Amino acid sequence: SGAGGLFGLVAARFTVVEAVRSETEAERLGRQVGAIGGVLKAGSLTFIADRRRFNNVAIKLKQLRLGNEEICRRVVTCDDAWLTMDRLETLLAVAPTEEDLESIAPFDGDPKLLATCERFFYVAQHVPYFRRRLEALKGRLLFGHHAAACLDELEGVGAAHLQLASSTGWRDWLGLVLAVGNQLNAHTSRGGAKGFDLVQASNAGGRAHVF
């Protein structure tokens, strides 16, 4: 027991205990991508090789002045007051493509490490049919604009119809045109007509075709 006690005393005095520190997410990813200093800084992890596109998307996202989660929430809830045509065009320009979604899908790390564009893609991927939603919302707005324009034109046509229907001068002019046509075609198969087609008259190239 004396020898054992002595061995225990020596082991307690001279044994080196190695403490193993686990890597952080930033260190692990930094080691994988070869980051300077071995640590990946927040907002620096990017998958987009096209730097021009990266910059354009980042600028447009900044112009929206909302967080990624809030942007997606407004798209899902169809916030008509916020989703103007200009904003829809902007969102369609930054919406992730199929390739973007495939690139971001395997990422299971800390989203804070992702760069501006990738972080937006990371959030948008959880909204089913994100781009199609935007296209549908844009189509609905365009339909409203086209429908309003058609209604304006129909109102103009209706007003013109009422004026013509109540105009005696218009009727007299049509009667005069019919009389002149019958006189010119008196000895032909076109003579003695009871009326004429206004569409054909407006498209005709000469008198013989009109009456």
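Report follows, based on the coordinates.

What counts, and where the lines are drawn
- Residues numbered from 1 in each chain as written.
- Predicted model: local features only at pLDDT ≥ 70, side-chain atom pairs only at ≥ 80, totals over all residues.
- Heavy atoms only, no water.
- Helix = DSSP H or I, 4+ residues; strand = E, 2+ residues; numbered from the N terminus.
- Buried < 20%, exposed > 50% of the residue type's maximum accessible area, 1.4 Å probe, protein only.
- Areas by Shrake-Rupley, 256 points an atom, 1.4 Å probe, with all protein chains shown as cover.
- Contact = heavy atoms within 4.5 Å.
- Core = buried A, V, L, I, M, F, W, Y, C linked by side-chain atoms within 4.5 Å.

1. Section: the overall build of the protein
And then number 1: In terms of regular secondary structure, the protein is built from 11 helices and zero strands.
And then number 2: In the protein, the order of α-helices and β-strands from amino to carboxyl end is α-α-α-α-α-α-α-α-α-α-α.
And then number 3: Of all 211 residues assigned to the protein, the portion counted as buried reaches 24%.
And then number 4: Entry remark: accessible area of the protein is about 15,000 Å², with carbon and sulfur atoms responsible for 57%.

2. So, the environment of Trp-170
And then number 1: Within the element layout of this structure, Trp-170 appears in helix α9 (residues 168-184).
And then number 2: Setting aside residues up to four positions removed in sequence, Trp-170 forms contacts with Leu-164 and Leu-198.

3. Description of the nonpolar core
A general feature of soluble globular proteins is that nonpolar side chains tend to end up buried together.
And then number 1: Formed by 32 residues in total, the largest nonpolar core has its most connected members in Leu-83, Leu-91, Phe-120, Phe-130 and Leu-134.
And then number 2: Contributions of two or more residues to this core are made by α3 (51-64), α4 (68-76), α5 (85-94), α7 (116-124) and α8 (130-165).
And then number 3: Leaving out residues up to four positions away in the same chain, Leu-134 has contacts with Val-75, Leu-88, Leu-91, Leu-92 and Ala-95.

4. Concerning unusual backbone geometry
And then number 1: The phi dihedral of Arg-65 is positive, around 60 degrees, even though this residue is not glycine.
And then number 2: Within the secondary structure, Arg-65 is located in the loop between α3 and α4.
And then number 3: Residues other than glycine seldom take positive phi values, yet Tyr-129 does so here, at roughly 55 degrees.
And then number 4: Inspection of the secondary structure assignment puts Tyr-129 in the loop between α7 and α8.
And then number 5: Residue classification places Tyr-129 among the exposed positions, given a relative accessible area of 60%.

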